[in-house]
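The primary structure of each chain is shown beneath.
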Amino acid sequence: MENHLVQDELNALRTSAELRAVTDSIQDYAIAVLDPQGVVLTWNTGARQIEGYTAEEIVGQGFDRLYTAEDRAAGRPQTLLTEALRAGRAQDEGWRVRKDGSRFWADEVISPLRGANGAVEGYVKVTRDLTQRRQDDEHRTTLTVASVTDYAIFMLDARGTITTWNLGAERAKGYRADEAIGRDLSIFYTPEDKAAGKPLRLLRRAQDEGRVEDEGWRVRKDGSRFWADVVITPVNDANGKLIGFTKVTRDLTERRRAEEQLRQADERLRLMIESVHDYAIFMLDRQGRVATWNRGAEHIKGYTAQEIVGQHFSRFYPPEEVSAGKPERELEIASSKGRFEEEGWRVRKDGSRFWANVVLSATRNRDGVLIGFAKITRDLSERKRAAEEMAERARQQSVAAELGLYALQTAQLDRVIERSMQTVRETLQIDDVRILRAGESPLPGARTVRIHAPEPDAEYGFLAASASRPLTANDVRFLQAVANVVAVAMARSQSEEQLRLAEREAFEERGRSVRIQEALLERDEFISVAAHELRTPLTALQLKLQGLESSGGLLPPKGERLGAAVRQTERLARLIDRLLDVSRIAQGRVEMTPEIFDLAVLVRQVAEDFREPATQARAVLELQLPEKVEGSWDRLRIEQVLVNLLSNAVKYGTGKPITVKLEEVGDVIRLCVADRGIGIAPDDVDRIFARFQRAAPIRNYGGMGLGLYITRHIVEAHRGRISVASKLGEGSTFVVELPRLSAPAAAGRDNVARARA
Ligand code: ADP
């Protein structure tokens, strides 16, 4: 595109006498005039420099030799000429071939040259070598290239006065030709540059060096500034005398702005990379030498930028990897594959190692030429350590679980303990582990954990481990897990021991109770036999005594003695009957014979019988009875109950009134016998209803402790209840509750057995 302008200017200059001189002096463009067939007519300095041929070598030759074989085969040169004729201009960007066969990337514009009559006299070809610029622009954006739009081309005389002016110059600088021509070139310079004598200096350098290029601020007519690339070339006449200069000015303002933006973007990127803390981000050159360094790199690797830039990156590797050629291999992989990534050990400045994730990417320029490597390193030590710790913990947990299983399946405590110690030694790789009983003190430096006993805050002892290395929190957790297994095994073996003891005791106890049972059975049998044996002669004796009594004729005192003997035998008979009852109850042989009768009547009769003994005991008998209390009970047995309770009341309530009360509560009949005698201690209350149980001192009160036992059984055989309320020294109240209808008569035989069940 830029070539269009050059072309325009050359077309404008064509009429000038200095055309040849001007084109000759331009080094940056190859300018050639071709005849209508494409034969080269003129060849300038730029053409010689860019395309390699001297004017003598090329003039008269076809211009197509400047194209590649492919282009020639495709008829490209001819196409361009035809296109130039048709459109007035042909532009092309592509490869061209130098004399030496090397290629260069060219921007080329071909325009037709027309005579005064408008006939085509030939072509002007302007070719610019873009190779160099492409390299220069490597880091510039395409925008930059596109933004370079303006060229000003004009001439100066030897003193620097403007002699020609063109449209491009007008556009670039704002002066019309009549305003510019005749002025000094310094009008385009800033006051500072002018004061520094820069315009003249540039001319002098161009003269001395054959060419000068300058990039800097220039000033437009309106005073605004633009960034310009200026090339000044001296023009000499045939004798080599300086006749003036050509000046080509490119307005690079756009490019400069783009460059500035790019620079700022680069700067931002650089700052961003610089400030990253967790990643080491840096560049290596092609040989692997550190070229840049960021804060993260300093943080992770410990080197400052001054220390490391220029050093080979192999110093980040452990020595064995360096000697194995690993760093170079990584560079090779990165440059062939574009990228290399791995996790591995790296070395810090202080020699310590860290586990790193490393990404190495090849960096290439636009032409694909390797210019270095970008390297990003992350320190994964912490992550690796955490992962390893997790794995170790999982391993220890499974070992502990296995040990727990073994302990479950193994009854012998010593074997469990031995296995536990072995497990600790092998798993933690430590030398000494032992069990300390509570109170024993561990070796100095040993780590101890409790062997907890099942009771809260109690322990069987300690597990003590001594290691040459410090034990980690995981290790201690593992020790505790093993100690817990040992604790369970100990607790189990202890409770097994207790169980064995308890079993032995229970066995012995069983033996004892069997013996007691046997003794009791023997006793019951003895009682039963003895009672029967006594009953028979006693009955015979009673009959004889009654016979004597009824025959009469015995005078006092013999008659009185006979009466006393009869009463004694009656007492004896009652005792023996009680014993018989007891053995019947024990054998479940008490028979009930219910009948319907009036209980109030029965109570009155029994009380009547007791009038005499009560009087003897100075006790007043008080009766509180309803008119009639009918029900179905075993009359004789209920009489026995009344007799027992009243005789106790008289016996233990001497000298105090006795109350007998009968009341009906719904279908339950309640009988209360209350005295105000010695009372019963609370501890004895339950006991007195059992066989042979007495609570009163034997010195003062006789009795075998059977009355209440029999009474209770009779009451229960009637599906009733007996209880006592008593206070020591204040008296006792026995309460009997009977259902109005006890078991039907037919079922009588089994009643006792059922009642006892
Ligand atoms: P015992 O023939 O010894 O009186 P019991 O079975 O009739 O046998 O009574 C058992 C025990 O209950 C008695 O030894 C006595 O200590 C106590 N006891 C029974 N009735 C009374 C009562 N009314 N007052 C005080 N204690 C009594």
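Fair warning: this is a prediction, and the values are worked out from it, not measured in the lab. (Residues numbered from 1 in each chain as written. Predicted model: local features only at pLDDT ≥ 70, side-chain atom pairs only at ≥ 80, totals over all residues. Heavy atoms only, no water.)

Comments concerning the packing of helix α22 (residues 599–616) against helix α23 (residues 635–652)
Next up, step 1: Running from amino to carboxyl end, α22 crosses α23 at an angle of 40 degrees, the nearest separation of the two axes being 10 Å. Taken together, α22 and α23 sit at an angle that is classed as oblique. You can see that α22 and α23 cross each other, and the crossing is right-handed. Here Leu-599, Leu-602, Val-603, Val-606, Phe-610 and Pro-613 of α22 lie close against α23, whose contacting residues are Arg-635, Ile-638, Glu-639, Leu-642, Val-643, Leu-646, Ser-647 and Val-650.
Next up, step 2: Classifying every residue of the contact of α22 with α23 by side-chain character gives 11 nonpolar, one polar and two charged. (Axes fitted to C-alpha atoms, helices over the stretch in contact; angles between N-to-C directions. Helix = DSSP H or I, 4+ residues; strand = E, 2+ residues; numbered from the N terminus. Parallel < 35°, antiparallel > 145°, perpendicular 65-115°, else oblique. Left-handed = near helix turned anticlockwise from the far one by under 90°. Contact = heavy atoms within 4.5 Å. Nonpolar A, V, L, I, M, F, W, Y, C, P; charged D, E, K, R; others polar.)

Focus on unusual backbone geometry
Next up, step 1: Positive phi is not limited to glycine here, since Arg-618 has a value of about 55 degrees.
Next up, step 2: The residue Arg-618 is located in the loop between α22 and β18 (621–624) in this model.
Next up, step 3: Although it is not a glycine, Arg-719 sits at a positive phi angle of roughly 60 degrees.
Next up, step 4: Secondary-structure assignment places Arg-719 in the loop between α24 (707–717) and β22 (721–727).

Quick notes on the layout of surface pockets
Next up, step 1: In this model, the largest pocket occupies a volume close to 1,700 Å³.
Next up, step 2: Those elements giving two or more residues to the lining of the largest pocket turn out to be α21 (558–587), α22, α23, α24 and β23 (731–739).
Next up, step 3: Considering every element that reaches the lining of the largest pocket, the biggest residue donor is α23, with 13 residues.
Next up, step 4: The residue inventory of the lining of the largest pocket, partitioned by class, reads 24 nonpolar, 13 polar and 13 charged. (1 Å grid on protein atoms, 1.4 Å probe; cavity = no way out; pocket = protein on both sides within 12 Å on 5 of 7 lines; lining within 4 Å. Points joined across faces, edges and corners; volume = space filled by probe spheres on them.)

Details of the site of the ligand
Next up, step 1: Lining the immediate surroundings of the ligand are 20 residues, of which Asn-648, Asp-675, Ala-695, Ala-696 and Leu-708 lie closest.
Next up, step 2: A distance of 3.3 Å is found between an oxygen atom of the ligand and a backbone nitrogen or oxygen belonging to Gly-705.
Next up, step 3: Protein chains bury 98% of the 530 Å² of accessible surface belonging to the ligand in isolation.
Next up, step 4: Because more than half of its atoms lie within 2 Å of the grid, the ligand is assigned to the largest pocket.
Next up, step 5: At the level of secondary structure, the elements contributing two or more residues to the shell around the ligand comprise α23, α24 and β23.
Next up, step 6: Take the shell around the ligand: its biggest share by element is three residues, from α23.
Next up, step 7: Residues belonging to the shell around the ligand are distributed by class as follows: 10 nonpolar, seven polar and three charged. (Near = heavy atom within 4 Å. Polar contact = N/O pair within 3.5 Å; in protein donor to acceptor, adjacent residues only side chain to side chain. Areas by Shrake-Rupley, 256 points an atom, 1.4 Å probe, with all protein chains shown as cover. Sits in = over half its atoms within 2 Å of the grid points.)

So, the nonpolar core
Next up, step 1: Within the largest apolar cluster, 54 residues are counted, with the highest numbers of intra-cluster contacts made by Leu-599, Leu-621, Leu-645, Leu-646, Leu-662, Phe-734 and Val-736.
Next up, step 2: With eight residues, the top contributor of residues to this core is α22.
Next up, step 3: Not counting residues within four places of it along the chain, the set of residues in contact with Leu-599 comprises Val-629, Trp-633, Ile-638, Leu-662 and Ile-669. (Core = buried A, V, L, I, M, F, W, Y, C linked by side-chain atoms within 4.5 Å. Buried < 20%, exposed > 50% of the residue type's maximum accessible area, 1.4 Å probe, protein only.)

Considerations on the pairing of strand β6 (residues 151–157)
Next up, step 1: Of all seven residues making up β6, seven are buried, and the element is well covered by its neighbours.
Next up, step 2: Burial of the side chains of β6 extends over both faces: Tyr-151, Ile-153, Met-155 and Asp-157 are buried on one face and Ala-152, Phe-154 and Leu-156 on the other.
Next up, step 3: Across seven bridges, β6 lies against strand β9 (residues 242–251) in antiparallel orientation. Within β9, the position partnered with Met-155 by the bridge is Thr-246. (Pairing = 2+ DSSP bridges.)

Here's the deal with the packing of α23 against α24
Next up, step 1: Here α23 crosses α24 at 145 degrees, and the two axes come no closer than 9 Å. Of the two elements, α23 crosses α24, and the hand of that crossing is left-handed. Together, Arg-637, Gln-640, Val-641, Asn-644, Leu-645 and Asn-648 of α23 and Gly-707, Leu-708, Ile-710, Thr-711, Ile-714 and Val-715 of α24 make up the contact between the two elements.
Next up, step 2: Here the contact of α23 with α24 is built from residues that sort into six nonpolar, five polar and one charged.

Focus: the pattern of salt bridges
Next up, step 1: With the rule as written, the count across this model stands at 52 salt bridges.
Next up, step 2: Where Arg-353 meets Glu-320, a salt bridge forms, and the shortest distance between an N and an O atom there is 3.1 Å. Placement of the pair is Arg-353 in strand β12 (residues 353–364) and Glu-320 in helix α16 (residues 319–323), with a sequence separation of 33 residues.
Next up, step 3: Classification of Arg-353 by relative accessible area gives partly exposed; the value is 39%.
Next up, step 4: Glu-320 gets classed as partly exposed once you look at its relative accessible area, which sits at 44%.
Next up, step 5: Salt-bridge contacts for Glu-342 lead to Lys-326; the nearest nitrogen and oxygen are separated by 2.6 Å. Taken as a pair, Glu-342 in strand β11 (residues 339–347) and Lys-326 in helix α17 (residues 326–337) lie far apart in primary sequence, 16 residues in all. (Salt bridge = Lys/Arg side-chain N within 4 Å of Asp/Glu carboxyl O.)

Describing α24
Next up, step 1: Across the 11 residues that make up α24, a large majority, nine, are buried.
Next up, step 2: Within the span of α24, buried status applies to Gly-707, Leu-708, Tyr-709, Ile-710, Thr-711, His-713, Ile-714, Val-715 and Ala-717.
Next up, step 3: Positive phi appears at Arg-719, one or two residues downstream of α24, with a value of about 60 degrees.

What to know about the packing of aromatic side chains
Next up, step 1: One pass over the structure, following the stated rule, counts 17 aromatic pairs.
Next up, step 2: Ring geometry for Trp-43 versus Tyr-53: centroids 6.5 Å apart, planes at 75 degrees, classification edge-to-face. Taken together, the positions of Trp-43 in strand β2 (residues 40–43) and Tyr-53 in the loop between α3 (45–51) and α4 (55–58) put the pair 10 residues apart, joining distant regions of the chain.
Next up, step 3: Trp-43 gets classed as buried once you look at its relative accessible area, which sits at 6%.
Next up, step 4: Both rings, one in Trp-95 and one in Trp-105, keep their centres 5.0 Å apart while their planes meet at 80 degrees; by these two values the pair is edge-to-face. Placement of Trp-95 in strand β3 (residues 90–97) and of Trp-105 in strand β4 (residues 103–114) is noted, with a sequence separation of 10 residues between them.
Next up, step 5: Since its relative accessible area comes to 38%, Trp-95 is described here as partly exposed.
Next up, step 6: Geometry around Trp-355 places Lys-384 over its ring, the cationic atom sitting 3.9 Å from the centre.
Next up, step 7: Looking at Arg-419, its charged tip hangs above the ring of Tyr-406, at a distance of 4.0 Å from the centre. (Phe/Tyr/Trp six-rings, centres within 6.5 Å; stacked < 30°, edge-to-face > 60°. Lys NZ or Arg CZ within 6 Å of the ring centre and 35° of its normal.)

A few points about a nonpolar patch on the surface
Next up, step 1: A grouping of Leu-572, Leu-575 and Met-704 is seen on the molecular surface, where their side chains present a nonpolar patch of about 230 Å² in accessible area.
Next up, step 2: Within the secondary structure, Leu-575 sits in helix α21.
Next up, step 3: Assessed through its relative accessible area of 36%, Leu-575 is described here as partly exposed. (Patch = residues over 30% accessible without salt bridge, like charges linked within 9 Å, V, L, I, M, F, W, Y side chains within 5 Å.)

Some points on the sheet that holds strand β14 (residues 432–437)
Across a sheet, paired strands are connected by hydrogen bonds in the backbone, their directions being either parallel or antiparallel.
Next up, step 1: Spatially, three strands are ordered β14-β16-β15 in an open sheet, and the strand pairing comes out antiparallel. Here the strands that pair on one side only, and so sit at the sheet edges, are β14 and β15 (447–452). Each strand of the sheet is rotated relative to its neighbour by a mean of 25 degrees, with strand direction disregarded.
Next up, step 2: Where β14 and strand β16 (residues 459–466) come together, six bridges link them in antiparallel fashion. Paired with Leu-436 across the strands is Phe-462, a residue of β16.
Next up, step 3: Packing of helix α19 (residues 413–428) onto the sheet brings it into contact with β14 and β16, and relative to β14 it is tilted by some 140 degrees.

So, the sheet that holds β11
Next up, step 1: The four strands are arranged β10-β13-β12-β11 in an open sheet whose pairing can be described as antiparallel. Taken across any chain shown, the strands that pair with only one partner, and hence form the sheet edges, are β10 (279–284) and β11. Across this sheet, the average inter-strand angle for adjacent strands is 25 degrees, counted without regard to direction.
Next up, step 2: Packing of α17 onto the sheet brings it into contact with β10, β11, β12 and β13 (370–379), and relative to β11 it is tilted by some 160 degrees.
Next up, step 3: Sheet strands in contact with helix α18 (residues 381–409) are β11, β12 and β13, and its direction is about 130 degrees off that of β12.

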